[in-house]
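# Chains, contacts and geometry: an overview
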Amino acid sequence: MDDKAALVSLVSPCNGTAKWLRGIKVGKSVARDGKIAQVTDAMTGAIGHCVTKIAGDLVQLLVEENETVVQGQVMAMLRKCSHPAFFNSMCVACGETILVEASSSSSSSGGSGATASTKISSLTLSGGVQLQVSQQEAERLQSNKLTSLRSLRKLALVLDLDHTLVHATPASPKYTPDVSAEAAAGIFNLPIEEGPGVIKHHLIKKRPHLDEFLKEAHQSFQLTIYTAGTRKYAEGVAKIMDPTGKLFLGRIVSRSDVPNDKSGGLEKSLQRLFLGDASMVAIIDDREDVWKGEQSAHLLLVKPFVHFVGGAEVNNAAGPSSAMASSATTQVMPPIALSGPRPGELITLAKPEDAVHADDQLVRCLEILKNIHKQYYDKVDDAAKNASSSSSSSSSSSSSSSSSSSSSSSSSSSSSLLSVGNIITDM
Ligand SMILES: [Mg+2]
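Since the model is a prediction, treat every value here as computed from it, not as a measurement. For every chain, the first residue of its written sequence is number 1, and the numbers climb from 1 along that sequence. Two thresholds apply to this predicted model, a pLDDT of at least 70 for residue-level local features and 80 or more for giving and counting side-chain atom pairs, whereas whole-chain, interface and lining totals are computed over all residues. Heavy atoms throughout the structure, all of them, feed into the side-chain values; hydrogens and water do not.

### Some points on the overall build of the protein chain
Helix numbers and strand numbers start at the N terminus; a helix is a DSSP run of H or I with at least 4 residues, a strand a run of E with at least 2. In terms of helices and strands, the protein chain carries 10 helices and 21 strands. Classification of residues uses two cut-offs on accessible area relative to the type maximum, computed with a 1.4 Å probe and protein chains only: under 20% is buried, over 50% is exposed, and between them is partly exposed. For the protein chain, with 427 residues in total, the buried portion stands at 44%. By definition in these notes, contact holds between two residues if any of their heavy atoms fall within 4.5 Å. Sequence-distant contacts in the protein chain: of pairs separated by 6 or more residues, those separated by 24 or more amount to 66%. Carbon and sulfur atoms make up 55% of the accessible area of the protein chain, which totals about 21,100 Å². Note on areas: Shrake-Rupley with a 1.4 Å probe; residue coverage comes only from the protein chains shown.

### Remarks on empty space enclosed by the protein
Computed over the protein atoms alone on a 1 Å grid, cavities are sets of points where a 1.4 Å probe fits but cannot get out and pockets are open sets with protein on both sides within 12 Å along at least five of seven lines; a residue lines them when it has an atom within 4 Å of a point. Grid points are joined across faces, edges and corners, and a volume is the space filled by probe spheres set on the points. Applying the stated criterion across every chain, the model contains one cavity of 30 Å³ or more. By volume, the largest cavity amounts to about 30 Å³. If you list the elements that add at least two residues to the lining of the largest cavity, you get helix H3 (210-220) and helix H8 (361-393). Tallied by class, residues from the lining of the largest cavity come to four nonpolar, one polar and two charged. Amino acids outside the nonpolar list (Ala, Val, Leu, Ile, Met, Phe, Trp, Tyr, Cys, Pro) and the charged list (Asp, Glu, Lys, Arg) are all regarded as polar, and Gly is one of them.

### Here we look at the coordination of the magnesium ion
Donor selection uses N, O and S atoms within 2.8 Å of the metal (3.2 Å for Na, K and Ca). Since no water is included, sites may look incomplete. The protein atoms that coordinate the magnesium ion are Asp 160 (OD), Asp 162 (O) and Asp 286 (OD), at distances spanning 2.1 to 2.2 Å. Coordination of the magnesium ion draws on donor residues from a single chain, spaced D-x1-D-x123-D in sequence. Of the two residues, Asp 162 sits in the loop between strand E13 (155-159) and strand E14 (166-170) while Asp 286 sits in the loop between strand E19 (281-285) and strand E20 (299-301), which places them 124 residues apart along the sequence. Relative accessible area serves as the criterion here: at 2%, Asp 286 is assigned to the buried category.

### Points about the pattern of salt bridges
Opposite charge on two side chains makes pairing possible when the charged atoms of those side chains draw close. Basic side-chain nitrogens of Lys or Arg form a salt bridge, by our definition, when they fall within 4 Å of a carboxyl oxygen of Asp or Glu. Under the criterion given, the structure shown has 11 salt bridges. Here Glu 65 makes a salt bridge to Lys 19, at a shortest N to O gap of 3.3 Å. Of this pair, Glu 65 sits in the loop between strand E6 (56-61) and strand E7 (68-69) while Lys 19 is found in strand E2 (residues 16-20), placing the two residues 46 residues apart along the sequence. In this structure, Glu 367 and Arg 364 form a salt bridge, with 3.0 Å as the shortest nitrogen-oxygen distance. With Glu 367 and Arg 364 both in helix H8, this residue pair falls three residues apart, about one helical turn.

### What about the sheet that holds strand E1 (residues 7-11)?
Strands are treated as partners if at least two bridges between them are detected by DSSP. Taken in spatial order, the four strands line up as E1-E8-E6-E3 in an open sheet, and their pairing is antiparallel. At either end of the open sheet lies a strand with only one pairing partner, and these are E1 and strand E3 (29-30). In this structure, E6 lies alongside strand E8 (residues 74-80), joined through five bridges in antiparallel fashion. Opposite Leu 58, over in E8, you have Leu 78 as the bridge partner.

### With respect to H3
Taken together, the buried positions of H3 are occupied by Leu 210, Phe 213, Leu 214, Ala 217 and Ser 220. Projected onto a plane normal to the axis of H3, the buried residues spread over an arc of 125° and lie on a single side. Facing away from the buried side of H3, by more than 90 degrees, are the exposed residues Lys 215 and Gln 219. Relevant arc is that of directions from the helix axis to the C-beta atoms, nothing else.

### A short note on the pairing of strand E4 (residues 35-41)
Both faces of the sheet carry side chains from a regular strand, because those side chains alternate between them. The sheet contact formed by E2 and E4 spans five bridges and is antiparallel. Paired with Thr 17 across the two strands is Thr 40, which belongs to E4. In this sheet, strand E5 (residues 47-51) lies alongside E4 in antiparallel orientation, the contact comprising five bridges. Its bridge partner being in E5, Ala 37 is matched across the sheet by Cys 50.

### Some remarks on the sheet that holds E2
Judged by pairing direction, the sheet is antiparallel, and its four strands sit side by side in the order E5-E4-E2-E7 without closing on themselves. The open sheet has two edge strands with one neighbour each: E5 and E7.

### Section: the packing of aromatic side chains
Centre distance within 6.5 Å is the pairing criterion for rings of Phe, Tyr and Trp, where only the six-membered ring of Trp is used; planes under 30 degrees apart are then read as stacked, over 60 as edge-to-face, and the remainder as tilted. Here the structure, examined in full by the defined rule, presents two aromatic pairs. Considering the side-chain rings of Tyr 226 and Trp 291, the 5.5 Å spacing of their centres and the 80° angle between planes classify their relative orientation as edge-to-face. A residue pair is termed long-range when its members are at least 10 positions apart, and Tyr 226 in strand E17 (residues 221-226) and Trp 291 in the loop between E19 and E20 qualify at 65 residues. Both residues of the pair, Tyr 226 and Trp 291, count as buried. Aromatic side chains Tyr 376 and Tyr 377 sit 5.1 Å apart centroid to centroid with 65° between the ring planes, which places their arrangement in the edge-to-face category. In this structure Tyr 377 comes out as buried when scored by relative accessible area, which is 2%.

Encoded structure:
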């Protein structure tokens, strides 16, 4: 439809003899202001260049090598960049730049084709790489991701760090590591380089039952860390929790990965990870207020874990609940509560006098996660059974095409209803 409008002609700068530059051919992606051919001026012998005004793909070369051309003659046609993926606001294929809205909705056109005008979504990849993709590509990636999770019979689990999985406190400036004493206390030292020659030490305590929790949750969930901490901090804590790197595989979203975040790290968005369909995602966090809107239905809210009493907070991530956390610090960890419009049942602790073992939030989370996983895949299996029985009993005309369309429509209709958020809300 606007295919024609996306085509741009590239012209000769003078009268002379044309010569294509090396590698120029139909289908090649070229950057804006790139040279594609040289033209030797017939009168002066000076060399001019045929230059792209915008980035895109060459779709037609209209002159032969060494052909005589006149000034303004169209030498090639280029299709404006419509590539699906952008890295740091730059097209990964041709280098075209886009303006990225922080909210990941749509880019704006920079007039005269200075920027690509396309609907984009921002995606955080392993290692904190930010990729912006077109709407179409977003849908394709999303679909692949859901299909991949389903083929593994897994769901996705987004995990907060501070006060959820660990408690961290900055070490005093006079701190010197004492490995054996720290190991005996189950404390890890995390040195972070904050500038040239400036190392800041953090003391990290894992929440009770963390190791077993991660190991077991990993069986049924694809784990991702999402923290208000910096990337260096997040990667350091991830290494403490997951020394082999097999559990998270670099899936970390940190404050450093959201440079345009106007909330200062106080709002989290599943959109950065799941591009519009978070139906297979559960979240565990000690803060409800950072998950706004519909995504809060996916949240299992845990009571903040506090180990270092009176120390400074690394990421001040306990938020409004921190006062409550302080009172809970030394003694009984209050029970888990499900978030959302219907808070779940409060669970009475069996041995409130035992402070360490009383913090069974992760044990309870694991039980709930297993339940969510079972309910989700029971429904998937039911939907698949219904689809196959209805397709086998349907009329025999155009049987093969009708079965494939019925299974795809049933999976799409079931996915609109089937959501971890709905399962949690109904618990
Ligand atoms: Mg937290």
